[in-house]
Amino acid sequence: MKYGVFSDIHGNYEALKAVLDDMDSQGVEDYICLGDLVGYGSDPGAVLDTVRDLSSIIVAGNHDYGIAGYLSLSYFNRYAREVARWTQDQLSDEQLTFLSNLPLRDENSEAVFVHSTIESPELFEYVLTAYDAHVNLKKQTRTVSFHGHSHVPVNFLLNEAVSHNQDSVVSVGESKKAMVNPGSVGQPRDGDSRAAYAIYDSDEEKIEIRRVKYNIDKASEKIQKAGLPKILGERLYHGK
Ligand code: ZN
């Protein structure tokens, strides 16, 4: 099976559309979303509906729960807080309920999916170091897991010890366990402005991180037109 695994879309419909087109061209058969559908971007409703229609699994991100009212907005920086309040006004009650019902962790027969950590997904902590990864890999019930949240693609691999790299292709059959962050669709933060996502080919035991150019001008313009903080459009050009 070829899975398109994507995370942190953050209301950026232009980036999402480009990623879905790329998935189509790559023969993706199933779609899995690691959360943060909304927050920061100008198209929360369109992103939510599109992701909901096609994904077999969607887990909750901290922005999804914040906007749904599950998580205090005081955890967010002032820009995220401002957009969260604006997003609440843009979404219908039904869409907000959908966000509040998303699970924190899900899995299928081949992998585990979370927004933050496997160990305590409700805390929305980051997996940044080999130590963080080791704690989670011990709890990982499948060979492969995917997480988002940091907006930076990275592969943590458990063999004798945990190693990590930012290779764009990982052979998961060569490791005992792999824990992969596919990066962010709608607000990459690794200095590369292109949208990021992963293709997990479970038959080939291979994960590929792909980068896709999209219309940043349009996404940025729409953020300004919506009256959201200008910096949220500007940062898209810098990938941070
Ligand atoms: Zn995010």
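Here, residues in each chain are numbered from 1, in the same order as that chain's written sequence. Local features in this predicted model are restricted to residues whose pLDDT is 70 or higher, and side-chain atom pairs enter the listing and the counts only when it is 80 or higher, whereas totals over whole chains, interfaces and linings include all residues. By convention in this description, side-chain values take in all heavy atoms of the structure and omit both hydrogens and water.

(A) Main features of the overall build of the protein. Numbering of helices and strands starts at the N terminus; helices are DSSP runs of H or I of at least 4 residues and strands are runs of E of at least 2. A tally of helices and strands in the protein yields 8 helices and 12 strands. Against the compact-globule benchmark of 18 Å for 240 residues, the protein has a radius of gyration of 17 Å, which places it among compact chains. In terms of principal-axis extent, the alpha carbons of the protein reach across some 50 × 35 × 30 Å. The buried share of the protein, taken over its 240 residues, is 57%. In the protein, 72% of the contacts between residues at least 6 apart in sequence involve partners at least 24 apart. Both definitions apply: the radius of gyration is a C-alpha atom measure, and the globule rule equals 2.2 Å times residues to the power 0.38. The buried label applies to any residue whose accessible area, calculated with a 1.4 Å probe on protein chains only, is under 20% of its type's maximum; exposed applies above 50%, and partly exposed to all values in between. Throughout, a contact is declared for two residues whenever any of their heavy atoms are within 4.5 Å.

(B) The arrangement of the sheet that holds strand β4 (residues 105-107) in detail. Any two strands with at least two DSSP bridges between them are considered paired. Read from one edge to the other, the open sheet built from 6 strands follows the order β4-β5-β6-β10-β7-β8, with strand pairing classed as mixed. Two strands close off the open sheet at either side, each with one partner strand: β4 and β8 (162-165). Pairs of neighbouring strands in the sheet enclose a mean axial angle of 20°, with direction left out of account. Two strands pair when backbone bridges link them, and β4 and strand β5 (residues 111-114) are joined in this way by 3 bridges, in the antiparallel orientation. Along β5, the bridge assignment pairs R105 with V114. Helix axes are fitted to C-alpha atoms over the stretch in contact, other axes to C-alpha atoms as well, and angles between N-to-C directions run from 0 to 180 degrees. Contacting β7 (154-158), β8 and β10 (177-181), helix α6 (residues 130-139) runs over the sheet at an angle of about 125° to β10.

(C) Region of interest: helix α5 (residues 93-100). When α5 is considered as a whole, its buried residues turn out to be Q95, L96, F98, L99 and S100. Structurally, α5 contributes buried residues whose contacts are with α2 (44-54), β3 (55-58), α3 (62-68) and α4 (78-90).

(D) Expanded view of the coordination of the zinc ion. Metal sites are built from N, O and S donor atoms within 2.8 Å, or 3.2 Å for Na, K and Ca, and they leave out water, so they may look incomplete. Taken together, the protein donors to the zinc ion comprise D8 (OD), H10 (NE2), D36 (OD) and H151 (NE2), at separations of 2.0 to 2.3 Å. Working rule for geometry: tetrahedral if four donors all subtend angles between 85 and 135 degrees; square planar for four, octahedral for six, if opposite donors exceed 155 degrees and the others stay between 65 and 115; irregular in every other situation. Between the 4 donor atoms coordinating the zinc ion, the angles at the centre fall across 85 to 177°, so the site counts as irregular. We note that the donor set of the zinc ion lies within a single chain, spaced as D-x1-H-x25-D-x114-H. Taken together, the residues D8 in the loop between β1 (2-6) and α1 (13-25) and D36 in the loop between β2 (30-33) and α2 connect sequence positions 28 residues apart. Judged by relative accessible area, which is 1%, D36 ranks as buried.

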